[in-house]
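# Results of the structural survey
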Amino acid sequence: MKKVNNYIDGSYCKAESSKTIRSLTPAHSTVAIGTAPLSGAVDVDRAVEAARKAFPFWRAVPAPKRGEILYRAAENILKEKEELARIVSAEMGKIIAEGRSDVQEAIDIAYYMAGEGRRLSAETVPSELAGKDCKSVREAIGVFALITPWNFPTAIPAWKIFPALIAGNTIVFKPSSYTPVAAARLAQIINDAGLPPGVLNLVNGSGEEAGSLLASHDDIDGISFTGSSKVGEGLLKLSASLTKEISCEMGGKNPIIVMDDARIDLAVEGALWGAFGTAGQRCTASSRIIVHRDILENFTEAFRKAASALKLGDPLSEDTDVGPLINEEQMNKVLKYIEIGTSEGASLILGGRRATGGSLSEGYFIEPTIFTGVRGNMRIAQEEIFGPLTAIIEVKDLEDAIANGVDYGLASSIYTQDVNNSAIAERDLDAGIVYINAPTIGAEIQLPFGGYKKSGLGHKEAGGMGGAIDMFTKLKVIYRDFSGKLQKAQMDS
Ligand code: NAP
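Cut-off values and rules
Residues numbered from 1 in each chain as written. Predicted model: local features only at pLDDT ≥ 70, side-chain atom pairs only at ≥ 80, totals over all residues. Heavy atoms only, no water. Helix = DSSP H or I, 4+ residues; strand = E, 2+ residues; numbered from the N terminus. Buried < 20%, exposed > 50% of the residue type's maximum accessible area, 1.4 Å probe, protein only. Polar contact = N/O pair within 3.5 Å; in protein donor to acceptor, adjacent residues only side chain to side chain. Domains from an automatic or database assignment. Contact = heavy atoms within 4.5 Å. Buried area = accessible area lost by both parts, 1.4 Å probe. Salt bridge = Lys/Arg side-chain N within 4 Å of Asp/Glu carboxyl O. Nonpolar A, V, L, I, M, F, W, Y, C, P; charged D, E, K, R; others polar. Phe/Tyr/Trp six-rings, centres within 6.5 Å; stacked < 30°, edge-to-face > 60°. Near = heavy atom within 4 Å. 1 Å grid on protein atoms, 1.4 Å probe; cavity = no way out; pocket = protein on both sides within 12 Å on 5 of 7 lines; lining within 4 Å. Sits in = over half its atoms within 2 Å of the grid points. Pairing = 2+ DSSP bridges. Points joined across faces, edges and corners; volume = space filled by probe spheres on them. Core = buried A, V, L, I, M, F, W, Y, C linked by side-chain atoms within 4.5 Å.

Attention now goes to the environment of S127. The topology assignment puts S127 in the loop between β6 (124–125) and β7 (132–140). Assessed through its relative accessible area of 21%, S127 is described here as partly exposed. Engagement of the side chain of S127 in a polar contact is seen with the backbone nitrogen of L129, the distance being 2.9 Å.

Listed below in structure tokens is the structure:
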């Protein structure tokens, strides 16, 4: 069992309190993978102080030099990929192939941001006056609180840590209390690549205590949060009153639209991956499948058949398709939504129960679950469930499909062979990410990632300009007059 510590000002340290969090393996709920400290105010203060102290030095390191450290971190994560992936799968419960892709995303963003150290561009534009320069430059913001969820234990922290670092910020990172071991290993590898003390600090603890103390700390300049809309909305209110920079990536209720001209085999394969990959515990999970009535029967039967063949089991076995849910609370929440769906009048055509055969009873497994006859206004069609449950909704045409609105707007997808349907969906789907002939998951790090409406507020993650670089920099505009006289803009010619 791994004993994780906090990491503050270049040293591993215990929290002030001796209380700890036990990180359990969701596939075998009584087995602990590690423990981490439950930090409180003293620990948060120390970490913020260390980050503040390190900021003037780190922001002055030339960005290409910061990039060299990030490049070494990328190389080191690559070397440790398999070990980290196994920690991710054991601790979070995603199947090992997905554990590897979680780590691969961290590697991808590390290389990408290392290169960004030689770009970090802003603008130089002509002045309307002779003997005058006009330009903007990007500057680091200061000390950032990074608060992350459990469903991508290495990818999401990396999406925040690498752009924050390349831009010259210093960090206090509070990972989810369900995945402290993976987070600590990632932070250790990055620090070992040569970061100066105080630049990347790790504070473990509960969201309610360490998370909220950190977010509301007077000496934090910015917050980058990924998690539920409920917590995100609370942080937004808090940051508005404290005038901090904040970006929140939050929940989703993502649709796949399957048109009458779609390739049904492709749509079935995509829906299977979108709905049941990561046991549905992705912000971008395909939790609504909106199907044209002319192909409803064919699609539904093929989808049900394919989903019924998925193998549940130990996430570390290479032949498992679907792993467990993260914890008992999440499992019970999904079971509750199955009751809600049934009581709302939807028809359960697959699954609907906790899976308990063999060793499955040791973990939090739920059978892949499909409801049909779902109406757009039902709770199972509106609320984020975060489990292996998807709702099939029948529509008469594309307009009807697009009109199926929810409060969220993260990812959306359409399966169609018709270029006009594709173009209309691209234009009219009210979501931050649109996929054509692919499910609602599959983003790549070189483009910004984030949602509309309740799914995201503030700057987007990943990508460069327009994405994470905007999140972690502020723009300064500089006018330099070398004419040797007073020149008045908009007045002198
Ligand atoms: P969560 O409960 O909102 O927690 C996210 C993080 O916030 C955790 O580190 C948590 O700590 C911390 N936290 C909780 N309460 C806090 C508070 N009052 N102040 C400050 N921090 C607090 O979300 P989750 O259950 O970990 O993750 C699932 C959610 O994340 C889903 O809604 C999913 O859609 C969303 N998500 C969104 C994206 C995206 O990019 N849009 C990506 C992945 C996940 P503890 O762990 O100690 O509670």
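To continue, consider the domain arrangement of the chain. Under the domain assignment, the chain is made up of domain 1 (2–250 + 455–478) and domain 2 (255–436). Contact residues are listed per partner, giving 23 residues for domain 1 and 30 residues for domain 2. Between domain 1 and domain 2 lies a buried interface of about 2,300 Å² when both sides are counted; carbon and sulfur atoms form 56% of it. The largest per-residue losses of area from domain 1 upon contact with domain 2 belong to I95, W150 and S455, which jointly make up 22% of the total buried on that side. Scanning the region where domain 1 abuts domain 2 turns up 2 salt bridges. The closest approach of N and O atoms between E98 and R282, which form a salt bridge, is 3.9 Å. Between the two partners, domain 1 and domain 2, sit 10 residue pairs in polar contact (both at pLDDT 80 or more). Mapped by element, the contributors of at least two residues to the side of domain 1 that touches domain 2 are β5 (28–37), α3 (81–92) and α4 (96–116). Considering only residue class, the side of domain 1 that touches domain 2 consists of 10 nonpolar, 7 polar and 6 charged.

In this section: the packing of aromatic side chains. Taken as a whole, this structure holds 7 aromatic pairs when the rule is applied. With 4.7 Å between their ring centres and 65 degrees between their planes, F144 and F472 make a pair best called edge-to-face. With F144 in strand β8 (residues 143–147) and F472 in helix α15 (residues 468–472), this pair connects stretches of sequence that are 328 residues apart. Taken individually, F144 and F472 each receive the classification buried, so the pair is uniform in this respect. An angle of 75 degrees between the planes, with centres 5.0 Å apart, marks the rings of W159 and F449 as edge-to-face. One end of the pair, W159, is in helix α5 (residues 155–166); the other, F449, is in the loop between β20 (433–436) and β21 (452–453), and 290 residues separate them in sequence. Take F449: its relative accessible area is 10%, and that puts it in the buried class.

Attention shifts here to the site of the ligand. Around the ligand, a shell composed of 29 residues is seen, among which T148, S177, S228, M250 and E384 lie nearest. At 3.3 Å, a side-chain N or O of S176 approaches an oxygen atom of the ligand. Residue G227 places a main-chain N or O atom 3.4 Å away from an oxygen atom belonging to the ligand. Here the ligand is seated within the largest pocket. Looking at the shell around the ligand, the elements that each hand over two or more residues are α7 (207–215), β11 (222–226) and α8 (229–242). The dominant element in the shell around the ligand, judged by the number of residues it contributes, is α7, at 3 residues. The residue inventory of the shell around the ligand, partitioned by class, reads 13 nonpolar, 13 polar and 3 charged. No fewer than three residues from each of domain 1 (2–250 + 455–478) and domain 2 (255–436) sit in the shell around the ligand.

Moving on, we come to the sheet that holds strand β1 (residues 2–3). An order of β1-β5-β4 is seen for the 3 strands of this open sheet, with the pairing classed as mixed. Both edges of this open sheet fall to β1 and β4 (20–25), since each of them pairs with a single strand only. With 2 bridges connecting them, β1 and β5 associate as parallel partners. Its bridge partner lying in β5, K2 is registered against G34.

Taken as a whole, the largest pocket encloses approximately 1,400 Å³ of empty space. The wall of the largest pocket is formed by 39 residues, among which W150, F225, G227, S228 and V231 lie closest to the centre. Looking at the lining of the largest pocket, the elements that each hand over two or more residues are α7, β11, α8 and α11 (328–343). Ranked by the residues each element gives to the lining of the largest pocket, the list is headed by α7, at 5 residues. Here the lining of the largest pocket spans two domains, and each of domain 1 (2–250 + 455–478) and domain 2 (255–436) adds at least three residues to it. In this structure, the second largest pocket spans a volume of roughly 420 Å³.

On to the nonpolar core. With 65 residues, the main nonpolar core has I77, F162, L165 and I190 as its most contacted residues. The element best represented in this core is α4, accounting for 8 residues. Summarising the domain contributions, this core has at least three residues from each of domain 1 (2–250 + 455–478) and domain 2 (255–436). Residue contacts for I190: discarding those within four places in its chain leaves A73, I77, I161, F162, L165, L195 and L200.

Below, the discussion takes up the environment of A423. Tracing the chain through its elements places A423 in helix α14 (residues 419–428). For A423, a relative accessible area of 42% puts it in the partly exposed group.

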